Amino acid sequence: MLMPRQASLVSSLLAACAVTCLMPGLGRGAEYGFGKVVKLGPKDKLIGNEFLRVYTANTVGVVFHMTHSDKNLLAQQPLADAGRYSVSEGGGEPGTVKVLGKYVQLIHMGHIPAAYTPKTFQATVFLRLPKPMVEGKTYTFKSKGVGSKDVNVTLTWSAKNVLSDAIKVNQIGYVLDAKIRLAYFGKWLGTAGALDREISDFSVIDLQTGRTAFQGKAKLRHTAGQKHEGAYKSDFSGENVYGLDLSRISKPGAYCVSIPGVGRSYSFRIGRDVMAEPLFTSIRALYHERCGIALERKYTPWARNKCKMHCRIAAYPEYGPPLDFKKIGQYLKQQKADGTIKYVEVKGGYHDAADYDRRPMHIKIGEMLCSVYEINPKAFIDEQFIIPESGNGVPDILDEAYFLLSYYLETQWPDGGISSGSEAWGHPTNAGPNAWMTNTDNETTEYVVLPVSRLSCFDFAASAAHLGRLLKEFPSGQEKGLKLIAAAVKAFDCGMKKFPPKDLNQEILIAKAAAQLMHATKDERFGKANNALPNLKTKKIDYLNNIGFAFAYCSVPADTPGLDKAFQQKVRQAAGGAFGWAVNAFTMKKGYIHFKHPWAPIVMGTHSTGQAWWLALAWKITGQQNFYDLLSASADVCLGANPMGQVQCSGLGQKHVLHPEFLESMNDELKEYLPGLWVYGPGRGTHWIFRTFPPSPVAKQIPDLYRYIDIDQCPAQNEFTVAESLAPAVVLFGALAPDDPKPYKGPLPKPR
């Protein structure tokens, strides 16, 4: 049942700060924080407040919220009046402060009953204290006559206990065997620019004993204003970025970073099993995007009914013209008018994101899941992720891949053609005037089976051959495996007949499928198919964009009939060279170490999972440790060690995305959104919200990696897709996940 509700922004923020007490060593599962602030030991005493952000002992930010149907009421507030703020020590006389600057932006919009209202704006006013806070002294911060509510916060200063928003860490944990393990220090202060605090010494505190486990020296990695990051010479963070090297800590445990005169970080773990929770949370987001089935409460608290509009959909000619929204609407209207419309019953595949369409680019997810299984096979077992297939004798990750491919398998045409998915005549909508209130129960959008395409045939051939080969290794998976391989052969043959290649990129698509089929069938004809491609072995291949092909070809065993071993070695060396150049020329020179394509540094998945997973394939192909280390460092950035100090995902880590664009969570009875949704994140440019409700400073003055608003009606930053961000997260964390996990029986999250 659709439950109209509008959660209070403040209550959502405070809920995200609720503390979960966790003790390391209680076994996997007991250590999952499920998006709450965690207490990892008896000495883990975190002091923080949503309305007072501490950056150093003498620099803080006071936070105000004001809500209105349409206006930014904060624009008329005396934010810059220093006389409105005070700080007192031990109950003494209030001292004067200096206003350094401000950052004002729209941070939330309701959508029930009307879209885009009410609107909540947030102002953070940055203050310099008359003198630094002193260890053990108590301070009271007050505001008067600013915003809708005065601030009144008291804290006792302790660099070991007070949370500093300027220290950024992986909020889940660092992989023990990774040689790059960095925390970061730095902050952009709105109109005040970069935090100007220089630091040198830092300590790592053992949260079991309270003792210092390690002392180190901070290293300046980037200076605010320097435009030298990335291929386009940018200043991504606008910060003075210091790196805090944690790689010399060899003892697994629970820790926090503490800096004298600054404060402490969120707690985190260092260990071999720290990526188990990100993997669990991310792959279960894929489960929640399953199409054509009900999500039952025994598997998830975010239950829903079987989606109504996606299981009986209109047929369409196998090789009909390509379709878009307009053409689908015209086709359905004409077919109904003629009385010739036919329907097919389908299930399987994934909803795309906030939309419910099955897309052709989803098909490669099967190969992605199979690839990470082969990269790190000891990390995956049956009964690992609490899905309906758990207990069937097949690792859950392969069951998830099979569910995805089942739509394309069951709709395969007799000649082997593969549907490109299913699409509607528009974005999801309902019978009412507000499309943002749509979910799978009330949707009225109609869908059709998409025609066969080059991409669908060859991506299916690659994914189905890969999955089929793996499933054959399990007694309960043999029948499915053989069926998939047979379907993959038919899809490949159909693709070669209907869509002969016209350029190198199309040849690479074929070559990847042929490599997987060569591996799965041991039939040398697939090697001959590759040999017949005129450009594959003679023209230069861009391996940054084609690492999937390199992985497929380099994974073929040396004794496989039809394999060109000399070309395989050439591919391995060229792929390693391409990634080596990219990471040395660009990745390692960033303030925050996170892998992105050099020519697309601020696009979908910024400081998220979008392209970081490519390093897992490069590592497996080459065996180079530095790719593994950079994969882990990229995971650290995704998990909170980034300029905003925020996990770019819902329901994971201690400070995370609250409102991803996900229609089911926007319109159910739960206030907390589904975990595991890796949003696009910060991005360059000025989308419609920045244009309509200008922030201060204006958008173009906001550093790229701070240019983000957590609003579920902002697709540019808070949408995601199963192929661009969710499946990549599974590869990223799965490649780093621990060996020999135990079957997971619970608990599951308990959302409000």
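It should be noted that the structure appears before, not after, this text.
Here is what the cut-offs are and how they apply
- Residues numbered from 1 in each chain as written.
- Predicted model: local features only at pLDDT ≥ 70, side-chain atom pairs only at ≥ 80, totals over all residues.
- Heavy atoms only, no water.
- Helix = DSSP H or I, 4+ residues; strand = E, 2+ residues; numbered from the N terminus.
- Rg over C-alpha atoms; globule rule 2.2 N^0.38 Å.
- Buried < 20%, exposed > 50% of the residue type's maximum accessible area, 1.4 Å probe, protein only.
- Contact = heavy atoms within 4.5 Å.
- Areas by Shrake-Rupley, 256 points an atom, 1.4 Å probe, with all protein chains shown as cover.
- Lys, Arg positive; Asp, Glu negative; His and termini not counted.
- Charge placed at Lys NZ, Arg CZ, Asp CG, Glu CD.
- Salt bridge = Lys/Arg side-chain N within 4 Å of Asp/Glu carboxyl O.
- Disulfide = S-S within 2.5 Å.
- Pairing = 2+ DSSP bridges.
- Axes fitted to C-alpha atoms, helices over the stretch in contact; angles between N-to-C directions.
- Parallel < 35°, antiparallel > 145°, perpendicular 65-115°, else oblique.
- Nonpolar A, V, L, I, M, F, W, Y, C, P; charged D, E, K, R; others polar.
- Left-handed = near helix turned anticlockwise from the far one by under 90°.
- Expected span 1.5 Å × (residues − 1).
- Polar contact = N/O pair within 3.5 Å; in protein donor to acceptor, adjacent residues only side chain to side chain.
- Phe/Tyr/Trp six-rings, centres within 6.5 Å; stacked < 30°, edge-to-face > 60°.
- Lys NZ or Arg CZ within 6 Å of the ring centre and 35° of its normal.
- Core = buried A, V, L, I, M, F, W, Y, C linked by side-chain atoms within 4.5 Å.
- Arc of directions from axis to C-beta.
- Patch = residues over 30% accessible without salt bridge, like charges linked within 9 Å, V, L, I, M, F, W, Y side chains within 5 Å.

S.K.: Would you mind going over the overall build of the chain with me for this structure?
M.R.: Scanning the chain from terminus to terminus reveals 17 helices and 25 strands. The C-alpha atoms of the chain give a radius of gyration of 26 Å, which matches the 27 Å a tight globule of 752 residues would have. Across its three principal axes, the chain shows a C-alpha extent of roughly 85 × 60 × 45 Å. When the 752 residues of the chain are sorted by exposure, 63% land in the buried category. In the chain, of all internal contacts separated by at least 6 residues, the share reaching a separation of at least 24 is 72%. Element-wise, carbon and sulfur atoms account for 54% of the exposed surface of the chain, whose accessible area totals about 27,500 Å². If you average the places of the 86 positive and of the 69 negative side-chain charges in the chain, the two averages end up 4 Å apart.

S.K.: So what exactly am I meant to see when it comes to the pattern of salt bridges here?
M.R.: Enumeration over the complete set of coordinates arrives at 29 salt bridges. For arginine 84, the salt bridge goes to aspartate 81, with nearest N and O atoms at 3.3 Å. Using a relative accessible area of 31% as the deciding quantity, one classes arginine 84 as partly exposed. A residue is classified by how much of its surface remains accessible, and aspartate 81, at 35% relative accessible area, is partly exposed. Residues participating in the shared-partner salt-bridge network are Lys36, Glu672 and Arg752.

S.K.: Honestly, the state of the cysteines in this entry has me stumped. Any pointers?
M.R.: Linking two cysteines covalently through their sulfur atoms gives a disulfide. Applying the stated criterion across every chain yields a total of zero disulfides. Unpaired in this structure, cysteine 291 has its nearest cysteine sulfur neighbour in cysteine 307, at a distance of 4.0 Å. Lacking any disulfide linkage, cysteine 311 is separated from the closest cysteine sulfur, that of cysteine 307, by 4.6 Å. Cysteine 311 sits in the buried class, given a relative accessible area of 7%.

S.K.: Help me out: how do you make sense of the sheet that holds strand E4 (residues 59–68) in this one?
M.R.: Remark on secondary structure: sheet strands pair via backbone hydrogen bonds, oriented parallel or antiparallel. The four strands lie next to each other as E3-E4-E7-E6, forming an open sheet whose pairing is antiparallel. The sheet is open, and its two edges are formed by strand E3 (52–56) and strand E6 (98–109), each paired on a single side. If you compare each strand with its neighbour and ignore which way they point, the axes differ by 20° on average. Bridging between E6 and strand E7 (residues 119–128) involves 10 bridges; their strand directions are antiparallel. By the bridge assignment, glycine 101 is partnered in E7 with phenylalanine 126.

S.K.: Hey, could you run me through the packing of helix H4 (residues 364–375) against helix H17 (residues 722–736) in this one?
M.R.: Any two packed helices are characterised by the angle at which their axes cross and by the distance between the axes. Two elements in contact, H4 and H17, have axes whose closest approach is 9 Å; the angle formed by their N-to-C orientations is 5°. As far as their axial angle goes, H17 and H4 are roughly parallel. Residue-level inspection shows Lys364, Ile365, Met368, Leu369, Val372 and Ile375 of H4 in contact with H17, the latter providing Val722, Ala723, Ala727, Pro728, Val730, Val731, Gly734 and Ala735. Considering only residue class, the contact of H4 with H17 consists of 12 nonpolar, one polar and one charged.

S.K.: Honestly, the packing of helix H12 (residues 614–622) against helix H13 (residues 625–638) in this entry has me stumped. Any pointers?
M.R.: It is the contact of H12 with H13, at a shortest axis distance of 8 Å, that shows an interaxial angle of 165°. Put simply, H12 runs roughly antiparallel to H13. Both H12 and H13 take part in a crossing whose hand is left-handed. Of H13, the residues touching H12 (which contributes Leu615, Ala616, Ala618, Trp619 and Thr622) are Phe627, Tyr628, Leu630, Leu631 and Ser634. Split into classes, the residues belonging to the contact of H12 with H13 amount to eight nonpolar, two polar and no charged.

S.K.: How should helix H6 (residues 454–471) be read in this particular structure?
M.R.: Side chains three or four residues apart in an α-helix point the same way, a direct result of the helix having 3.6 residues per turn. Between its first and last C-alpha atoms H6 spans 26 Å; for 18 residues at 1.5 Å apiece the expected length is 26 Å, and the two agree. Taking burial as the measure, the 18 residues of H6 include 17 buried ones, the bulk of the element.

S.K.: It is not clear to me how unusual backbone geometry should be interpreted in this structure. Could you clarify?
M.R.: Excluding glycine, a negative phi dihedral is what most residues carry, and trans is how most peptide bonds are arranged. The omega torsion across serine 696 and proline 697 is 5°, close enough to zero to call that bond cis. By secondary structure assignment, the location of proline 697 is in the loop between helix H15 (688–692) and helix H16 (715–718). Of the consecutive residues glycine 746 and proline 747, the connecting peptide bond is found in the cis state with omega at 5°. Of note in this structure, phenylalanine 34 is not a glycine but carries a positive phi near 50°. Counting through the fold element by element, phenylalanine 34 comes out in the loop between strand E1 (19–21) and strand E2 (37–39). Here phenylalanine 34 falls in the buried class, since its relative accessible area comes to 15%. One non-glycine residue, aspartate 740, lies in positive phi territory at about 55°. If you trace the backbone, aspartate 740 turns up in the segment after H17.

S.K.: Hey, could you run me through the sheet that holds strand E8 (residues 138–143) in this one?
M.R.: Taken together, the three strands give an open sheet; going across it, the order is E5-E8-E9, and neighbouring strands pair in antiparallel fashion. Edge positions in the open sheet fall to strand E5 (85–89) and strand E9 (152–156), since each of these has one partner strand only. Pairwise comparison of adjacent strand axes, ignoring direction, gives a mean angle of 15° for this sheet. Pairing geometry for E5 and E8, over five bridges, is antiparallel. Residue pairing for E8: serine 86 is matched across the bridge by lysine 142.

S.K.: Would you explain the side chain of asparagine 240 in this entry?
M.R.: Mapping asparagine 240 onto the fold places it in the loop between strand E15 (219–222) and strand E16 (241–245). A polar contact of 3.0 Å, which involves the side chain of asparagine 240, links it to the backbone nitrogen of alanine 224. Residues in contact with asparagine 240, not counting those within four places in the same chain, are Phe185, Gly186, Ala194, Leu195, Asp196, Leu220, His222, Thr223 and Ala224.

S.K.: Help me understand the packing of aromatic side chains in this model?
M.R.: Aromatic ring pairs are described here by two measures, namely the spacing of the ring centres and the angle between the planes. One pass over the full model with this rule turns up 34 aromatic pairs. When the ring of tyrosine 32 is compared with that of phenylalanine 34, the centres are 5.8 Å apart and the planes differ by 85°; the resulting orientation is edge-to-face. Neither residue differs from the other here; tyrosine 32 and phenylalanine 34 are each classed as buried. Directly above the ring of phenylalanine 403 sits arginine 290, whose terminal nitrogen or CZ lies 4.4 Å from the centroid.

S.K.: Whenever I open this one, the nonpolar core confuses me. Can you help?
M.R.: A general tendency of soluble globular proteins is for nonpolar side chains to be buried together. By size, the foremost hydrophobic cluster in this structure holds 193 residues, and its most contacted members are Val257, Ile397, Leu398, Phe460, Phe492, Phe549 and Trp678. Beyond its immediate sequence surroundings of up to four residues, phenylalanine 549 is in contact with Ile508, Ala511, Lys512, Leu536, Ile541, Tyr543, Phe567 and Val571. Within the second largest apolar cluster, 37 residues are counted, among which are Met133, Phe141, Val151 and Phe690.

S.K.: Would you mind going over the environment of tryptophan 688 with me for this structure?
M.R.: One can find tryptophan 688 in helix H15. In contact with tryptophan 688, not counting residues within four places along its chain, are Met109, Tyr116 and Gln713.

S.K.: Quick question: what am I supposed to make of helix H3 (residues 325–338) here?
M.R.: Taking 1.5 Å of rise per residue, 14 residues should cover 20 Å, and H3 covers 20 Å from first to last C-alpha, within 8% of that figure. Taken residue by residue, H3 has Ile328, Tyr331, Leu332 and Gln335 as its buried positions. One face of H3 carries all of its buried residues, which in axial projection span an arc of 95°. Turned more than 90 degrees from where H3 packs its buried face, Lys326, Lys333 and Ala337 sit exposed. Where H3 is buried, its residues touch strand E20 (312–314), strand E22 (422–424) and strand E23 (447–449). Taken from the residues just after H3, glycine 339 is the one with a positive phi, measuring 70°.

S.K.: For this particular structure, what's the right way to read a positive patch on the surface?
M.R.: On the surface, Lys39, Lys43, Lys45 and Arg211 cluster together to form a positively charged patch. Along the chain, lysine 39 falls in strand E2.

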